[in-house]
Amino acid sequence: MKSGKTVNIEPPATNVDQAEARDAMGRPIAQRKNSEVRLGREIQARIGQQLRAMYEDVVKQGVPPHIEALVRRLTDNDDGVA
Amino acid sequence: MKLDPAIRDQVLTTVPSLRAFAISLCGNIDRADDLVQETLLRALAHIDSFEPGTNMPAWLFTILRNLFRSEYRKRRREVEDADGRYAETLKSHPEQTGRVEFEEFRTALAKLPSDQREALILVGASGFSYEDAAAICGCAVGTIKSRVNRARTRLADLLAIDGVDDFGPDRATRAVLAGGGRT
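As a convention, each chain's residues are numbered from 1 in the sequence order in which they are written. Lettering of chains starts at A and numbering of ligands starts at 1, both following the order in which they are written. The predicted origin of the model limits local features to residues at a pLDDT of at least 70 and limits the giving and counting of side-chain atom pairs to 80 or more, whereas totals for whole chains, interfaces and linings rest on all residues.

S.K.: Teacher, can you tell me more about the overall build of chain A here?
M.R.: If you tally the helices and strands in chain A, you get three helices and zero strands. Listed by position from the N terminus, the elements making up chain A come as α-α-α. Each residue is classed by its C-beta neighbour count within 10 Å, where at least 20 other C-beta atoms makes it buried, 12 or fewer makes it exposed, and intermediate counts make it partly exposed; the C-beta atoms are placed from backbone geometry. When burial is assessed residue by residue, chain A has 12% of its 82 residues classed as buried. By definition, any uninterrupted DSSP run of H or I lasting at least four residues is a helix, any uninterrupted run of E lasting at least two residues is a strand, and each is numbered from the N terminus.

S.K.: Sorry if this is basic, but what is going on with the overall build of chain B here?
M.R.: The number of helices and strands found in chain B is nine helices and zero strands. Counting from the amino terminus, chain B carries its helices and strands in the arrangement α-α-α-α-α-α-α-α-α. Taking all 183 residues of chain B together, 38% fall into the buried category. Restricting to contacts in chain B with at least 6 residues of sequence separation, those with at least 24 account for 67%. Placing a C-beta atom from the backbone of each residue, one calls two residues in contact when those atoms lie within 7 Å.

S.K.: How should I be thinking about the environment of B:Glu103 in this particular structure?
M.R.: Looking at the secondary structure, you find B:Glu103 in helix α5 (residues 99–111). Between the C-alpha atom of B:Glu103 and that of B:Gln116, which follows or precedes it by 13 residues, the distance is 19 Å.

S.K.: What's the story with helix α3 (residues 56–70) of chain B in this structure? I'm lost.
M.R.: Because the α-helix completes a turn every 3.6 residues, residues three or four places apart line up on one side. Residue and element names in this part refer to chain B. Expected span, for any helix, means 1.5 Å times one less than how many residues it has. With 15 residues, α3 extends 21 Å between its outermost C-alpha atoms, agreeing within 8% with the 21 Å of an ideal straight helix rising 1.5 Å per residue. The set of residues buried in α3 consists of Pro57, Ala58, Trp59, Leu60, Phe61, Ile63, Leu64, Arg65, Leu67 and Phe68. Of the surrounding elements, those touching the buried residues of α3 are α1 (5–26), α2 (29–45), α6 (114–124) and α7 (130–137).

S.K.: Quick question: what am I supposed to make of the confidence of the model for chain A here?
M.R.: Residues shown with low pLDDT carry predicted positions that ought not to be read at fine detail. All names here are of chain A. Counting all residues, the mean pLDDT for chain A is 71, and 45% of those residues have values of 70 or more. Residue-level confidence of the predictor is summarised by pLDDT, bounded by 0 at the bottom and 100 at the top. Of all helices and strands in chain A, the one with the weakest mean pLDDT is helix α1 (residues 16–20) (49), whereas helix α3 (residues 65–76) scores best (91). Considering only residues more than four positions removed or in separate chains, one finds that residues 1–5, a stretch of pLDDT under 50, has eight contacts.

S.K.: Is there a simple way to think about the packing of α1(B) against α2(B) in this case?
M.R.: Relative placement of two packed helices is described by the angle separating their axes and the distance separating the axes. Residues and elements named next belong to chain B. Throughout, an axis means a line fitted to C-alpha atoms (over the contacting stretch in the case of helices), and angles, computed between N-to-C directions, take values from 0 to 180 degrees. At a minimum axis separation of 8 Å, α1 and α2 run at an interaxial angle of 135°. Classed by the angle they form, the pair α1 and α2 counts as oblique. You can see that α1 and α2 cross each other, and the crossing is right-handed. Residue-level inspection shows Val11, Val15, Leu18, Arg19, Ala22, Ile23 and Cys26 of α1 in contact with α2, the latter providing Ile29, Arg31, Ala32, Leu35, Val36, Thr39, Leu40 and Ala43. In the contact of α1 with α2, the residues fall into twelve nonpolar, one polar and two charged. Any angle that falls under 35 degrees is termed roughly parallel, while one over 145 is termed roughly antiparallel, one within 65 to 115 roughly perpendicular, and all others oblique. What makes a crossing left-handed is the near helix being turned counterclockwise from the far one by less than a right angle; a clockwise turn instead makes it right-handed. By the convention adopted, Pro, Cys, Tyr, Trp, Phe, Met, Ile, Leu, Val and Ala count as nonpolar, Lys, Arg, Asp and Glu as charged, and the other residues, Gly among them, as polar.

S.K.: Honestly, the domain arrangement of chain B in this entry has me stumped. Any pointers?
M.R.: When the parts of a complex come together, some accessible area is lost, and that lost area is often used as the size of the interface. Residues and elements named next belong to chain B. Partitioning chain B into domains gives domain 1 (1–91) and domain 2 (93–183). With 13 residues of domain 1 at the contact, the number on the domain 2 side is ten residues. For the side of domain 1 that touches domain 2, the residue count by class is six nonpolar, five polar and two charged. As annotated, the domain borders come from an automatic or database domain assignment.

S.K.: Which parts of the structure should I look at to understand the packing of α2(B) against α3(B)?
M.R.: All names here are of chain B. Their axes nearest at 9 Å, the elements α2 and α3 cross at an angle of 120°. As far as their axial angle goes, α3 and α2 are oblique. Two packed elements cross with a definite hand, and for α2 against α3 that hand is right-handed. Residues Leu35, Val36, Glu38, Thr39, Arg42 and Ala43 of α2 pack against Leu60, Ile63, Leu64, Leu67 and Phe68 of α3. Tallied by class, residues from the contact of α2 with α3 come to eight nonpolar, one polar and two charged.

S.K.: Please explain α6(B) as it appears in this structure.
M.R.: Most of α6(B) sits inside the fold, with nine of its eleven residues counted as buried. Taken together, the buried positions of α6(B) are occupied by B:Gln116, B:Arg117, B:Glu118, B:Ala119, B:Leu120, B:Ile121, B:Leu122, B:Val123 and B:Gly124.

S.K.: Is there a simple way to think about the nonpolar core in this case?
M.R.: Soluble globular proteins: nonpolar side chains tend toward being buried together. Residue and element names in this part refer to chain B. Formed by 53 residues in total, the largest nonpolar core has its most connected members in Ala22, Leu64, Ala119 and Ala133. If you tally residues by element for this core, the top one is α1, at nine residues. If you count residues domain by domain, this core takes at least three from each of domain 1 (1–91) and domain 2 (93–183). Ignoring any residue separated from it by four or fewer positions in sequence, one finds Ala22 in contact with Ala32, Leu35, Val36 and Leu64. Note on definitions: a nonpolar core is a set of buried residues drawn from Ala, Val, Leu, Ile, Met, Phe, Trp, Tyr and Cys, linked by C-beta atoms within 7 Å.

S.K.: I keep staring at the confidence of the model for chain B and nothing clicks. Help me out?
M.R.: All names here are of chain B. Put simply, chain B has an average pLDDT of 82, and 72% of its residues get 70 or more. Per-element averaging of pLDDT across chain B places helix α9 (residues 171–178) at the bottom with 53 and α7 at the top with 97. Contacts of residues 162–169 to residues separated by more than four positions or lying in other chains number 20 contacts, the stretch itself having pLDDT below 50. Model confidence for the complex: the whole-complex pTM is 0.71, and ipTM, which rates the interface, is 0.74.

Given below as structure tokens:
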């Protein structure tokens, strides 16, 4: 995990479907695709936001005291580990 | 056991994120904390197998994930959060995202196959690289990428269908976008 808050939530830039989409005359269907892609991006951005918010809510709670105590008990002295 | 305090601090520093991952896997706080404790017991018992200087979070996440796979996953995932403790824990949820929307998101996330959910969380929330996520899950990088993509697509479908008014662009924007092809 990186210490910075970089997250790889954005999809790869390449979009094979879009590149290959053609209408009956063989022309790229860019117009319709653009709106769909835009809607898709908005939803994906919201998904990324929700995902991180959900996760950060827990991260912000820090280390629960009983878990910190456990780790210290297990690592601070020679008698801690069974 | 005497342990280099620097290593111990690395372990402690990872705990908050480890808990967040555990909760996303278990869907239940108490079980997640049990899982985290068991993970730390195992990790510290085998701390000699950790190479100083390598990725501590990835090492701990791998142990937790394997533990979850081998034991916890058998028990039923409690999506419903019957006692409300999960919701209670998340009361600090940012205000810009509505309560209803957030609940819908959580429900949709719970509907994903577990391999897709864990891949999405590792990459999209924990901030691991695809390579680290692949190492944690013991699979190829391409597999992780494909799981993340499928997870995102499935989530978008679930949320677009279930929460048109609550999720994403407001209705007016959506109507414009849905009428695309004529603009």
